[in-house]
Amino acid sequence: MYQASTLPDKQGYFGEFGGSFVPPNLQEVLDDVARAYLEYRNDPEFEREFRDLLQNYVGRPSILYYAKRLTEKLGGAKIYLKREDLNHTGAHKINNTIGQVLLAKRLGKKRVIAETGAGQHGVATATACALFGMECIIYMGEEDIKRQALNVFRMELLGAKVIPVTSGTKTLKDAVDQALNDLIENYKTTYYMLGSAVGPHPYPLMVRDFQSVIGEETKTQITKAEGRLPDYLIACVGGGSNAIGLFAPYYKDRDVKFIGVEPGGKGLETPFHAATLTKGKKGQIHGFKCYSLEDEKGEPLPVYSIAAGLDYPGVGPEHSFYKETGRAEYVTVTDDEALAAFQELSKIEGIIPALESAHAIAYTIKLAPTLPQDQLIIVNLSGRGDKDVNQVAEILRGKF
Ligand SMILES: *Cc1c(COP(=O)(O)O)cnc(C)c1O
């Protein structure tokens, strides 16, 4: 498996971030997963099977596309798009669920559970489970079920059972709690599939490894196209999996600058954003240490973004470490800027990006014109925008 970046320490810390803060019975389960993963991580047969599925099921390698019209219009740095939107199921999330379902199979588990907010991770999980004939249970807040009816139907079509969560705010946080309770009760038969590079050890490491195929491929691709590595990597950051997958393989290439783009929502001066690294402080959330948006009592604050995949009040420990050490820079763009970029890329390149990915595009639109023409930018197009066109149509109808 992917080896080029830094490893966390034995307790799963990247610097002071990460670790595992869960009840003892859950810790035992996580210890088993960590032990198994660290072993299979170096198993050539596991890697062969993973790579084979990425190629023959997901459709990798994904294209690195030179966005000529966008580059010429902006008049500065040369812009390449990493087309994760062209993967089977339309986003990067499938890279991770394929990796984790292989681990579940090796662990002898027949039942997979997951939490989902907007439903994207639920769909990627249900897809991987269908491929392996595994029982699949998705916990989803009742509120989210109402908002994301189409994704609920997709999951059911793929053979998953979607369980409505009616406790608390009936959203993602409560779905996580209920999934963890299920895991504690059924750990002998059940594997918990996490959707981003967050959570207690070993999930941030594991998800980073599986998503690193994104950055690895771009190294080969840009070297072939330009004869050198890029100057900038840009990706949106929710939990941080697509960004860390692009960045981590370049960790030791110190001339390559990393820029993570967080959701500025309705503005950083309002409570309606999810700019965890930009506005958060060091804290603890869902069993690990990271930058987080929390109240005085340490409870996660409600967060918001126009892009449902970006509204998480925590962020991966490796990004927290990158921020602390200055390896990466984190910036924000607002809903309105993301919405403009969504339309701009559609018109100028014929590519409709996910609203999440549109955040990375929006920052690129600001940065590229300030750079000389010999500079190279790679932007991660984490997913396609078909899932967002209804929402955008409604917003635009309201505006005019
Ligand atoms: C879920 C999602 C994201 C955000 O998740 P990360 O773990 O930060 O990558 C970004 N883009 C798309 C298309 C998504 O579905």
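Structure first, text after, so check above.
Because the structure is predicted, anything quoted here is derived from the model rather than measured.

Chemist: How should the overall build of the chain be read in this particular structure?
Modeler: A count of helical and extended segments in the chain gives 16 helices and 14 strands. In terms of overall size, the chain behaves like a compact globule, its C-alpha atoms giving a radius of gyration of 20 Å where 400 residues would be expected to give roughly 21 Å. When each of the 400 residues of the chain is scored for burial, the buried share is 57%. Pairs at least 24 residues apart make up 74% of the contacts formed inside the chain by residues separated by at least 6 positions. For the chain, the accessible area works out to roughly 16100 Å², and carbon and sulfur atoms hold 53% of it. Side chains of the chain give 46 positive and 51 negative charges; the mean places of these two sets differ by 2 Å.

Chemist: Explain the state of the cysteines here, please?
Modeler: One covalent bond between the sulfur atoms of two cysteine residues makes up a disulfide. Summed over the entire model, instances satisfying the criterion amount to zero disulfides. This cysteine, C129, is not joined by any disulfide, and C136 carries the nearest cysteine sulfur, 3.8 Å off. Residue C136 is classed as buried on the basis of its relative accessible area, which comes to 4%.

Chemist: Just checking my understanding: could you explain the site of the ligand for this structure?
Modeler: In the neighbourhood of the ligand, 17 residues make up the surrounding shell, with K93, S196, G240, S241 and S382 lying closest. Contacts to the ligand include G238, whose backbone N or O atom sits 2.8 Å from an oxygen atom. Relative to its unbound accessible surface of 390 Å², the ligand loses 97% to contact with the protein. Partitioning the shell around the ligand into residue classes produces four nonpolar, 11 polar and two charged.

Chemist: Would you explain helix α14 (residues 335-349) in this entry?
Modeler: Residue pairs three or four apart in sequence face the same way in an α-helix, which turns once every 3.6 residues. For α14, which comprises 15 residues, the first-to-last C-alpha distance of 21 Å matches the rise-based estimate of 21 Å (1.5 Å per residue) to within 8%. Along α14, the residues that are buried comprise D335, A338, L339, A341, F342, L345, I348 and E349. Remark: G350 follows α14 within two positions and exhibits a positive phi of approximately 70°.

Chemist: Please clarify how the layout of surface pockets should be interpreted in this entry.
Modeler: Estimated volume of the second largest pocket: approximately 270 Å³. Along the wall of the second largest pocket there are 15 residues; nearest its centre are K10, Q11, A34, L38 and H201. No other element matches the five residues that helix α1 (residues 24-40) contributes to the lining of the second largest pocket. Broken down by class, the residue content of the lining of the second largest pocket amounts to six nonpolar, five polar and four charged.

Chemist: Would you mind going over the pairing of strand β9 (residues 232-236) with me for this structure?
Modeler: Along any regular strand the residues' side chains alternate between the sheet's two faces. Counting buried residues along β9, five of its five residues qualify, which places the element largely inside the surrounding structure. Residues Y232, I234 and C236 of β9 are buried on one face, and the alternating residues L233 and A235, pointing to the opposite face, are buried as well. Handedness of the β9-helix α11 (residues 241-247)-strand β10 (residues 257-265) crossover: right-handed. As paired elements, β9 and strand β14 (residues 376-381) share three bridges and run parallel to each other. Note on β14: the bridge partner recorded for L233 is I378.

Chemist: I tried to follow helix α7 (residues 149-157) on my own but got confused; where do I start?
Modeler: What α7 keeps buried is the set N151, V152 and M155. All buried residues of α7 lie within an arc of 105° about the axis, which places them on one face of the element. Counted as exposed and oriented over 90 degrees from the buried face of α7: L150 and L157. Where α7 is buried, its residues contact β5 (111-116), α5 (120-132), β6 (135-141), α6 (142-147) and β7 (161-165). Looking at the residues trailing α7, positive phi occurs at G159, about 95°.

Chemist: Can you walk me through the pattern of salt bridges in this structure?
Modeler: Two side chains bearing opposite charge may form a pair once their charged atoms approach each other closely. The full count for this structure, using the stated rule, is 30 salt bridges. In this structure, E45 and R48 form a salt bridge, with 3.0 Å as the shortest nitrogen-oxygen distance. Taken together, the positions of E45 and R48, both in helix α2 (residues 44-58) and three residues apart, correspond to about one turn of that helix. Judged by its relative accessible area of 37%, E45 is partly exposed. Judged by its relative accessible area of 47%, R48 is partly exposed. With a shortest N-O distance of 3.5 Å, K68 and E72 are connected by a salt bridge. Here E72 and K68 lie together in helix α3 (residues 68-74), a separation of four residues that amounts to about one turn.

Definitions and cut-offs
Residues numbered from 1 in each chain as written. Predicted model: local features only at pLDDT ≥ 70, side-chain atom pairs only at ≥ 80, totals over all residues. Heavy atoms only, no water. Helix = DSSP H or I, 4+ residues; strand = E, 2+ residues; numbered from the N terminus. Rg over C-alpha atoms; globule rule 2.2 N^0.38 Å. Buried < 20%, exposed > 50% of the residue type's maximum accessible area, 1.4 Å probe, protein only. Contact = heavy atoms within 4.5 Å. Areas by Shrake-Rupley, 256 points an atom, 1.4 Å probe, with all protein chains shown as cover. Lys, Arg positive; Asp, Glu negative; His and termini not counted. Charge placed at Lys NZ, Arg CZ, Asp CG, Glu CD. Disulfide = S-S within 2.5 Å. Near = heavy atom within 4 Å. Polar contact = N/O pair within 3.5 Å; in protein donor to acceptor, adjacent residues only side chain to side chain. Nonpolar A, V, L, I, M, F, W, Y, C, P; charged D, E, K, R; others polar. Expected span 1.5 Å × (residues − 1). 1 Å grid on protein atoms, 1.4 Å probe; cavity = no way out; pocket = protein on both sides within 12 Å on 5 of 7 lines; lining within 4 Å. Points joined across faces, edges and corners; volume = space filled by probe spheres on them. Right-handed = clockwise from strand over helix to strand, strands pointing away. Pairing = 2+ DSSP bridges. Arc of directions from axis to C-beta. Salt bridge = Lys/Arg side-chain N within 4 Å of Asp/Glu carboxyl O.

In short, geometric facts, not functional conclusions.
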